[in-house]
Each structure stands twice: as C-alpha cells, then as structure tokens.
Amino acid sequence: GKIMNFTEQIKNEILSKQIKDNHCKKAFIVGLIRGSGVLYENEGELGLEFKVPDEQTAMMISLAFSQLFGYEIREVSVTEDLQNNKDKYYISISGTRAVEILTELGILLEDEEGVAVDLKFYNEITKKDCCLRSFFRGLFLSSGRCVLPTKSDSTNTGYLLEIYFSHYSPAFETCQKLAESGIEVE
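The following refers to the structure shown.

Conventions and cut-offs
- Residues numbered from 1 in each chain as written.
- Predicted model: local features only at pLDDT ≥ 70, side-chain atom pairs only at ≥ 80, totals over all residues.
- Heavy atoms only, no water.
- Axes fitted to C-alpha atoms, helices over the stretch in contact; angles between N-to-C directions.
- Helix = DSSP H or I, 4+ residues; strand = E, 2+ residues; numbered from the N terminus.
- Left-handed = near helix turned anticlockwise from the far one by under 90°.
- Contact = heavy atoms within 4.5 Å.
- Nonpolar A, V, L, I, M, F, W, Y, C, P; charged D, E, K, R; others polar.
- Pairing = 2+ DSSP bridges.
- Buried < 20%, exposed > 50% of the residue type's maximum accessible area, 1.4 Å probe, protein only.
- Arc of directions from axis to C-beta.
- Expected span 1.5 Å × (residues − 1).
- Patch = residues over 30% accessible without salt bridge, like charges linked within 9 Å, V, L, I, M, F, W, Y side chains within 5 Å.
- Areas by Shrake-Rupley, 256 points an atom, 1.4 Å probe, with all protein chains shown as cover.
- Salt bridge = Lys/Arg side-chain N within 4 Å of Asp/Glu carboxyl O.

1. Points about the packing of helix H2 (residues 22–36) against helix H5 (residues 129–143)
Helix-helix packing is described using two parameters, namely the angle between the two axes and the distance between the axes.
Here is step 1 of the chain: It is at 7 Å that the axes of H2 and H5 come closest, and there the two elements cross at 35 degrees. The way H2 lies across H5 gives a crossing that is right-handed. Facing His 23, Cys 24, Ala 27, Phe 28, Val 30, Gly 31, Leu 32, Arg 34, Gly 35 and Ser 36 of H2, the residues of H5 in contact are Cys 130, Cys 131, Ser 134, Phe 135, Arg 137, Gly 138, Leu 139, Leu 141, Ser 142 and Ser 143.
Here is step 2 of the chain: Taken together, the residues of the contact of H2 with H5 sort by class into ten nonpolar, eight polar and two charged.

2. Quick look at the pairing of strand E1 (residues 38–42)
Here is step 1 of the chain: Pairing between E1 and strand E2 (residues 45–52): five bridges, direction antiparallel. Bridge assignment links Glu 41 to a residue of E2, and that residue is Leu 46.
Here is step 2 of the chain: Hairpin connection from E1 to E2: two residues lie between these consecutive antiparallel strands, with Glu 43 at a positive phi of about 50 degrees.

3. A closer look at helix H4 (residues 96–104)
Here is step 1 of the chain: The set of residues buried in H4 consists of Ala 98, Val 99, Ile 101 and Leu 102. Projected down its long axis, H4 shows its buried positions confined to an angular sector of 165 degrees, all on one face.
Here is step 2 of the chain: Two residues or fewer after H4 comes Gly 106, characterised by a positive phi angle close to 75 degrees.

4. Some points on the packing of helix H1 (residues 6–16) against H5
Here is step 1 of the chain: For the pair H1 and H5, the least separation of the axes is 10 Å and the interaxial angle reads 145 degrees. Every pair of crossing elements has a handedness; the one defined by H1 and H5 is left-handed. Mapping the contact onto sequence places Thr 7, Ile 10, Lys 11, Ile 14 and Leu 15 in H1 and Arg 137, Phe 140 and Leu 141 in H5.
Here is step 2 of the chain: In terms of residue class, the contact of H1 with H5 is built from five nonpolar, one polar and two charged.

5. Quick word on unusual backbone geometry
Negative phi characterises most residues that are not glycine, and trans characterises most peptide bonds.
Here is step 1 of the chain: Although it is not a glycine, Glu 43 adopts a positive phi angle of roughly 50 degrees.
Here is step 2 of the chain: Here Glu 43 lies in the loop between E1 and E2.
Here is step 3 of the chain: Residue Glu 43 is classed as exposed on the basis of its relative accessible area of 78%.

6. Points about helix H6 (residues 168–180)
Here is step 1 of the chain: Here H6 contains 13 residues, and its C-alpha end-to-end distance of 18 Å stays within 8% of the 18 Å for a straight helix at 1.5 Å per residue.
Here is step 2 of the chain: Buried within H6 are the following residues: Pro 170, Glu 173, Thr 174 and Leu 178. Looking straight down H6, one finds that the buried residues subtend no more than 135 degrees of arc, so they occupy a single side. Of the residues in H6, the exposed ones pointing more than 90 degrees away from the buried face are Tyr 168 and Glu 180.

7. Quick word on the side chain of Thr 57
Here is step 1 of the chain: Along the chain, Thr 57 turns up in helix H3 (residues 55–69).
Here is step 2 of the chain: Overall, Thr 57 belongs to the buried group, its relative accessible area being 1%.
Here is step 3 of the chain: If near-sequence neighbours (up to four positions away) are discounted, Thr 57 is found in contact with Leu 15 and Val 52.

8. Details of a nonpolar patch on the surface
Here is step 1 of the chain: On the surface, Leu 39, Val 117 and Leu 119 cluster together into a nonpolar patch covering about 260 Å² of accessible area.
Here is step 2 of the chain: Given the relative accessible area of 33%, Leu 39 is considered partly exposed.

9. Quick look at the environment of Leu 108
Here is step 1 of the chain: Following the sequence through the fold, Leu 108 ends up in strand E5 (residues 108–111).
Here is step 2 of the chain: Residue class for Leu 108 comes out buried when judged on its relative accessible area of 2%.
Here is step 3 of the chain: On a C-alpha basis, the gap between Leu 108 and Tyr 71 in space is 17 Å, while along the polypeptide they are 37 residues apart.
Here is step 4 of the chain: Aside from chain neighbours lying at most four places away, what touches Leu 108 is Leu 39, Leu 46, Val 99, Leu 102, Thr 103, Val 115, Ala 116, Val 117 and Asp 118.

Structure, rendered in structure tokens:
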C-alpha cells in the first residue's frame with residue numbers, strides 16, 4: 001500500500017468523524033468552499049467549483065447538498081496531480097439554484113446591483129463553536145497541510161499546521177479566530 005503522509009492521515013481522521021447537525025454540515029461545506037472555491041461564469045450563469053481531497057469526500061459532499069438543499073451535484077471532475085501522483089477532485093455547482101445556496105451559506109451577498117462575494121470570512125454560519133470547528137475541518141481539508149518538523153539532531157520541534165490563503169484578509173481573520181481559541185499563529 002501507499003504510505004500516507006502526515007497531512008493525509010489528518011485528513012482521513014477528519015473525514016472519519018461524522019458531522020451530525022445540519023448547521024455544522026453547512027459550516028463544513030463553507031470551510032471547503034472558502035478554502036478552495038473559485039467562482040466562474042458559464043453562459044451567463046454563475047457557478048462555483050471547489051476542491052475536495054478524494055472521491056469519498058466528493059460523495060459525502062454530494063449527499064450533504066442533496067440533504068441540505070435538495071440539490072443534486074451533477075459535476076465532479078477529476079484532474080491528475082502528477083506532482084503528487086494522485087488525483088484531484090473538484091465539485092461544481094451552477095445555475096440559479098447555486099446562487100441561492102451560496103447566498104444561504106453566506107458566501108454570496110445579493111442586493112439590487114446583483115451578486116457579490118462576501119469577503120467576510122466568518123459570519124452567522126460559523127458563530128457557534130461546534131460550527132466553527134466544522135468550518136476549520138473543511139478549510140483544512142481543502143487548503144491545509146500539517147508537517148512534523150524535525151531538526152537535524154532529530155529532536156522534534158512540534159507540529160506545524162499551514163493553511164494557504166489567496167488573500168490577506170481571510171488569513172488575518174483566521175489568525176484572529178485561532179488566537180481567540182488560544183492557538184498561537186504566525
């Protein structure tokens with residue numbers, strides 16, 4: 001069998017835990033989307049694509065969309081990641097229903113002028129502690145990695161968790177949230 005790296009072990013651990021409550025399921029999905037979501041336009045319709053770690057997660061998310069929103073995910077695309085020798089899975093949601101769902105998830109804001117991305121990373125969806133934890137799980141799954149650094153004299157220097165952001169403000173907001181939870185961040 002393939003040797004799992006530390007990040008994959010953690011991701012498997014996250015995925016093995018069932019999320020019971022719908023509000024936490026939503027927060028988990030928002031975490032995934034906030035971590036790797038890309039908005040696109042297709043024939044005048046808004047769509048969103050986000051990355052999930054594997055096929056199992058893609059199926060789990062499809063089921064969650066069906067249960068929470070009555071929305072059937074029709075598109076799961078796979079691209080080969082030659083660098084890491086494994087496939088990358090992307091889920092797409094599009095159409096008018098997608099806008100409604102993304103608005104309900106607090107990712108999009110709708111006003112008279114149309115639809116815009118809500119740049120505030122944390123909102124009503126992540127208000128409860130349980131939901132915030134679910135959000136972090138999703139965020140880590142889509143854009144995090146964890147390493148166990150070792151110095152040359154092989155003494156352990158502690159776990160290093162990294163989450164990648166494309167913009168400064170979500171990174172800053174996340175630092176604040178983690179600091180509130182008593183987690184030191186750089």
